[in-house]
Amino acid sequence: MKTVIRETDQMYDAAAEHIRSLLQAKPDAILAVAAGRTMLPLWKRLGDVSFAKARLFQVAEFIGAPEKKTLRRMTEEGLLACTDLKPENCSWLSEETLAGYDAMIDEAGGLDLAILGIGDNAHIGFNEPATQYDTRSRKQKLTNPTRAQYTWLFGDAESVPEYGLTMGIHTLVDARQVMVLASGEEKAKPVFDMLYARDDSIIPAAFLQLPPDVTVYADTDAAKKL
Ligand code: GLP
């Protein structure tokens, strides 16, 4: 697992360069894309990169959220608004698409790059603590820390959906490349756990110690415990 630690702006510059390089080498890259507040500064740096032939698979989504509060909407208002990624090249997680989601990824040729954030409790996507390695895309009950993490979007934790949909750990670690972005002091502990935890079923992000090509982009606040 490589770590790139920079001041915030430079961290996002480095992460954007990672994606720019991949798409210059493989314009039709298959991308797994997480939503979240961490991602918006990244998307704003990619307006000069062609996503016209790229494909997106959403990493996680709430079940039953109002349309304007979905993670899909965050990605549409972020990545799709900042780049020429085509809506028809985007696959979104829903209760209707869940059953065939991993097969769709396989049929597309597998993931070239998973672009992830990390939850305050070290979840990736909505793979919560106690998730096993060999999990595929599925429905996941959200923990209280994860629901609390989204009070900024829903107003209070009780209004955050109880369940989400997520790419599984196995789905994510099968990606040919993985990058994880973390910004801010609240990510210092999950970032430390991601890199050094040994009981990965309690620290889902620690499963990312396994794949050969994982890069963590952390700003100095998120890297405080390293
Ligand atoms: C959420 C999302 C993840 C995201 C993470 C960080 O639960 N399902 O995909 O990466 O938590 O979110 P944020 O960037 O808003 O801190």
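So, here's what we can say about the structure.

Rules behind the numbers
- Residues numbered from 1 in each chain as written.
- Predicted model: local features only at pLDDT ≥ 70, side-chain atom pairs only at ≥ 80, totals over all residues.
- Heavy atoms only, no water.
- Helix = DSSP H or I, 4+ residues; strand = E, 2+ residues; numbered from the N terminus.
- Buried < 20%, exposed > 50% of the residue type's maximum accessible area, 1.4 Å probe, protein only.
- Lys, Arg positive; Asp, Glu negative; His and termini not counted.
- Salt bridge = Lys/Arg side-chain N within 4 Å of Asp/Glu carboxyl O.
- Polar contact = N/O pair within 3.5 Å; in protein donor to acceptor, adjacent residues only side chain to side chain.
- Contact = heavy atoms within 4.5 Å.
- Core = buried A, V, L, I, M, F, W, Y, C linked by side-chain atoms within 4.5 Å.
- Patch = residues over 30% accessible without salt bridge, like charges linked within 9 Å, V, L, I, M, F, W, Y side chains within 5 Å.
- Areas by Shrake-Rupley, 256 points an atom, 1.4 Å probe, with all protein chains shown as cover.

### Section: the side chain of glutamate 128
1) Next: For glutamate 128, the position within the fold is in the loop between strand E6 (113-116) and strand E7 (138-141).
2) Next: The buried charged residue glutamate 128 lacks any salt bridge partner; its closest oppositely charged side chain belongs to arginine 138, at an N-O distance of 8.5 Å.
3) Next: A polar atom in the side chain of glutamate 128 sits 2.8 Å from the backbone nitrogen of threonine 143.
4) Next: Leaving out residues up to four positions away in the same chain, glutamate 128 has contacts with Asn121, His123, Gln140, Lys141, Leu142, Thr143, Thr146 and Pro204.

### Section: the nonpolar core
1) Next: By size, the foremost hydrophobic cluster in this structure holds 79 residues, and its most contacted members are Ile19, Leu42, Phe51, Phe62, Ile115 and Leu116.
2) Next: Of all the elements, helix H1 (residues 8-25) adds the most residues to this core, at seven residues.
3) Next: Not counting residues within four places of it along the chain, the set of residues in contact with leucine 116 comprises Ala34, Met39, Val59, Ile124, Leu172, Val178, Met179, Val180, Leu181 and Leu208.

### Quick notes on a nonpolar patch on the surface
1) Next: On the surface, Ile5, Phe192, Tyr196 and Leu226 cluster together into a nonpolar patch covering about 350 Å² of accessible area.
2) Next: Tracing the sequence through the fold places isoleucine 5 in strand E1 (residues 2-6).

### Digging into the pattern of salt bridges
1) Next: Taken as a whole, this structure holds 16 salt bridges when the rule is applied.
2) Next: Among the ionic pairs, aspartate 28 bridges to lysine 26, the shortest N-O distance being 3.6 Å.
3) Next: Classification of lysine 26 by relative accessible area gives partly exposed; the value is 29%.
4) Next: The salt bridge partner of glutamate 67 is arginine 73, with a shortest N-O separation of 2.5 Å.
5) Next: Residues joined by salt bridges that share partners form a network here, namely Lys26, Asp28, Asp112 and Arg176.

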